[in-house]
Amino acid sequence: MQRFRELSPLRKKEAVFGWRLVSPAVILIGIFILYPVLYNIYLSFFEVSLTPGVPNKFVGFQNYRELLTDPTFWNSFGITMLFVLITVFGSILVGLGVALLMNKEFPGRGIVRALILFPYVAPVISTVFAWQYVLMPLNGPLTILLSNLGIMDVTQDLVNDPNNAFLVVSFYSIWKNFPFIYLMILSRLQSISQDYYEAADIDGANGFQKFRHITLPELYYVIGSLVLLRGIWNFYKFEEVYLLSKEARTLPIYLYEKAFTGLPELGVAAAIATVLFVVMMVLISIYVRKVLKW
Amino acid sequence: MVVRKRSFIKTFLFWFFIALVVIFVAYPFAYMVSVSFRYDSDAFDPGLIPENPTLSQYAQLLGLEESIRQQMSNEEEQLMGLLESLPEEQREQILQNILSQRRRESFPFLRWFGNSLLLAGLSALTSLIIGIFGAYSFSRVWYPGRTLVQRGVLLVYLVGGVILSVPLYDLFVRMGLTNSGGTSMFALYIIYVIQTLPVSMYMLGNYFRTIPESIEEAALIDGSTRIGTIMRIIIPLSMPAIITVFIYAFMIGWNEYLFASIFIRPYPGAYTLPVGLREIFFSEHAVWAKMMAASVLTAVPVIVLFMTVEKYLTAGLTAGGVKE
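Residues numbered from 1 in each chain as written. Chains lettered and ligands numbered in written order. Predicted model: local features only at pLDDT ≥ 70, side-chain atom pairs only at ≥ 80, totals over all residues. Heavy atoms only, no water.

Peer 1: When you look at the UniProt feature "transmembrane region" (unreviewed entry) in chain B in this model, what are you seeing that I'm missing?
Peer 2: All names here are of chain B. Following the UniProt record, the feature "transmembrane region" (unreviewed entry) maps to residues 12–33, 112–136, 148–169, 189–208, 229–251 and 287–309 here. Strand forms 0% of residues 148–169 and helix 77%; the C-alpha atoms that close the span are 28 Å apart. The span residues 229–251 shows a helical share of 96% and a strand share of 0%, and its end C-alpha atoms are spaced 30 Å apart. (UniProt positions renumbered as here; feature names shortened; annotations may be inferred. Helix = DSSP H or I, 4+ residues; strand = E, 2+ residues; numbered from the N terminus.)

If you want it as structure tokens, here you go:
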């Protein structure tokens, strides 16, 4: 990198101009994102007081010790991992399938395409109520349908049952987020050259072979990046989980309840956030090296 | 040709899967809309088509009609009659209680709608303005440290809202921004700006790079300043991207629940739609028909906005700059 001092006067002027333009954004991100991340680590070593005038009490690793010996924490940790696995895998599978379908011309494609975006675009709060309605025990139309098919009991409250709430939430999350995956994959599909397929036709390849040897390799990096993005986002997912069912006890919900309900334990919550962040970083760096080969 | 028979099965399967996708996507929406046109007592009638369709849920939410409960009871008059006989201070006291009870039971949908509109709109606008200059800076101007800024903006993806919730809450409490509804809304405004800023910058930056630099150079030679070229050339040429980014940022603010619930829970006057609707859901107003009508009214603005820019949205999202 060239040093600022060594630049020509014109270049210097240019550099100052560039920095000036970007500085509001950099300052805001610095104060409200980078600093809080560090401050969060700092807080995790304290018993945080919310009474003005009473200083925080340094407790060393006690918050962490408390967490790591708390079975609820480990339980949440496991649920979070399962939730991320199911939703990432599920939404990519559905998104890929739908993108392959929509890549073909058919009458009414425009309408269907617009409709597919609905779950992604509609506010979480609205769609959550809609799902809670259809899944109401006894009266919900989906409950009645599923119980007629013998899949569940009509009296069962799927949404608020702690045993499977995270499965319902996972299903909801797949429904909500597959359009994003679908959009990304579709746009990549449309940029694959038709020549490949024509060449394969001449060689007598069938549909599956074409998919396996042309489409899938072309999609490798898109899917790889999507797994990364959805993995990160779903790991931190709060709204979609909490609003549909508090019983799906993933880590962000555990954190929220520790920090903002009942007797606030901000220090412990900060420790949870730090653990989340570290685990995330480790997973991302492994993934980026092994799968994306950056 | 051997293909003929197989292609019939193929066509059938194709349409079968399309139908499956449509049902999968539309199922909850269909019920949401259907129930919103029913009376509360019919909320769980079987079937999708309401037997006695009504617009009254919408009329009540929009303040065009009083709720049946308000119509039927002349509570007010009866109460005043009872209160006549009480001594002055006691009367005050009881009136206060009733008033606060009322406030808790009412469904001030329009107020929440307005709050959400204000917060999401203003923060999206701010993030857009800061984002335009920031994105221009790192897509067009060269300076030492530019790559660092670009990477830094990307890195923000790794930090989720939950991780920031504790330190930001602590910070804003210390800054005294949680003492009233107004200041809490201001805190939310700042949070929404920073949550949408990285997306705005990334999406806009990608778009700016597609504008040929020669157009700008021509303007510079004609004596335009750099700021002038941004205003007169870059912004008009990027209108589709700018509108898309605005709508995307707007949606993030419109949807946000985590920070809103932390900061404005104590101030009902400052509720945004997600917080308000959720509070109502757990109160005695949890009447399904009305909840569904409120859900529809919450969803319609963003869906309409998105559909109008669908084409650009797809391009913007797939350009790689996304965050929720």
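Next, the rest of the story.
Peer 1: Explain the side chain of B:S261 to me, please; I cannot follow it from the model alone.
Peer 2: In this fold, B:S261 is placed in helix α13 (residues 258–264). From its side chain, B:S261 meets the backbone oxygen of B:L258 in a polar contact 3.0 Å long. With sequence-adjacent residues up to four places away left out, B:S261 is seen in contact with A:Y256 and B:V275. (Polar contact = N/O pair within 3.5 Å; in protein donor to acceptor, adjacent residues only side chain to side chain. Contact = heavy atoms within 4.5 Å.)

Peer 1: What's the story with the environment of A:N206 in this structure? I'm lost.
Peer 2: Residue and element names in this part refer to chain A. In this fold, N206 is placed in the loop between α8 (194–202) and α9 (207–236). What makes N206 partly exposed here is its relative accessible area of 41%. In this structure the side chain of N206 is engaged in a polar contact, spanning 3.1 Å, whose partner is the backbone nitrogen of F208. (Buried < 20%, exposed > 50% of the residue type's maximum accessible area, 1.4 Å probe, protein only.)

Peer 1: Would you explain unusual backbone geometry in this entry?
Peer 2: Trans is the common state for peptide bonds, and a negative phi is the common state for residues other than glycine. One non-glycine residue, A:L138, lies in positive phi territory at about 70°. Examined against the element boundaries, A:L138 turns out to sit in the loop between α5 (124–134) and α6 (141–148).

Peer 1: In this structure, what is going on with the UniProt feature "domain: ABC transmembrane type-1" (unreviewed entry) in chain A? I would like to understand it.
Peer 2: Mapped onto this structure's residue numbering, the UniProt feature "domain: ABC transmembrane type-1" (unreviewed entry) falls at residues 77–287 of chain A. This span, residues 77–287 of chain A, is 76% helix and 0% strand, and a straight line between its end C-alpha atoms measures 19 Å.

Peer 1: I keep staring at the packing of helix α11 (residues 226–237) of chain B against helix α12 (residues 239–255) of chain B and nothing clicks. Help me out?
Peer 2: A packed helix pair is summarised by two numbers, namely the angle formed by the two axes and the spacing between the axes. Residue and element names in this part refer to chain B. In contact at an axis separation of 5 Å, α11 and α12 are set at 70° when each is read in the N-to-C sense. Classified by the angle their axes make, α11 and α12 are roughly perpendicular. Side by side, α11 and α12 meet where I235, P236 and L237 of the first sit next to M239, P240 and I242 of the second. Taken together, the residues of the contact of α11 with α12 break down into 6 nonpolar, no polar and no charged. (Axes fitted to C-alpha atoms, helices over the stretch in contact; angles between N-to-C directions. Parallel < 35°, antiparallel > 145°, perpendicular 65-115°, else oblique. Nonpolar A, V, L, I, M, F, W, Y, C, P; charged D, E, K, R; others polar.)

Peer 1: I tried to follow the pattern of salt bridges on my own but got confused; where do I start?
Peer 2: Once their charged atoms are close, side chains differing in charge can pair, the charge on each being opposite to the other. Enumeration over the complete set of coordinates arrives at 11 salt bridges over all chains. Between A:E257 and A:R249 there is a salt bridge, and its shortest N-O distance comes to 3.1 Å. B:E216 is the salt-bridge partner of B:R140, the closest N and O atoms lying 2.6 Å from each other. Note that B:R140 is positioned in helix α6 (residues 109–140) and B:E216 in helix α10 (residues 213–221), a separation of 76 residues in sequence. B:E216 carries the same exposure label as B:R140, and that label is buried. (Salt bridge = Lys/Arg side-chain N within 4 Å of Asp/Glu carboxyl O.)

Peer 1: Is there a simple way to explain the confidence of the model for chain B in this structure?
Peer 2: Detailed reading of the predicted model is not advised wherever pLDDT is low. Per-residue pLDDT for chain B has a mean of 84; in total, 86% of the residues score no lower than 70. Among the scores for the predicted complex, ipTM is 0.90 and pTM is 0.89. (pLDDT = per-residue confidence, 0-100.)

Peer 1: Is there a simple way to think about the environment of A:Q132 in this case?
Peer 2: Tracing the sequence through the fold places A:Q132 in helix α5. Distance from A:Q132 to A:L244, taken between C-alpha atoms, is 7.2 Å for residues 112 residues apart in sequence. Setting aside chain neighbours within four positions, we find A:Q132 in contact with A:V159, A:L243, A:L244, B:F281 and B:W288.

Peer 1: How should the domain arrangement of chain A be read in this particular structure?
Peer 2: It is common to give the size of an interface as the accessible area that goes away when the parts come together. Residues and elements named next belong to chain A. Segmenting chain A into domains produces domain 1 (9–58) and domain 2 (71–291). Contacts between domain 1 and domain 2 engage 8 residues on the former and 8 residues on the latter. Between domain 1 and domain 2, the buried area comes to about 590 Å², and carbon and sulfur atoms account for 74% of it. Linking domain 1 with domain 2 are 0 salt bridges, by the criterion used here. Applying the counting rule to domain 1 against domain 2 returns 1 residue pair in polar contact (both at pLDDT 80 or more). Of the residues forming the side of domain 1 that touches domain 2, the biggest block, 4 residues, is contributed by helix α1 (residues 9–43). Looking at the side of domain 1 that touches domain 2 residue by residue, the classes come out as 6 nonpolar, 2 polar and no charged. (Domains from an automatic or database assignment. Buried area = accessible area lost by both parts, 1.4 Å probe.)

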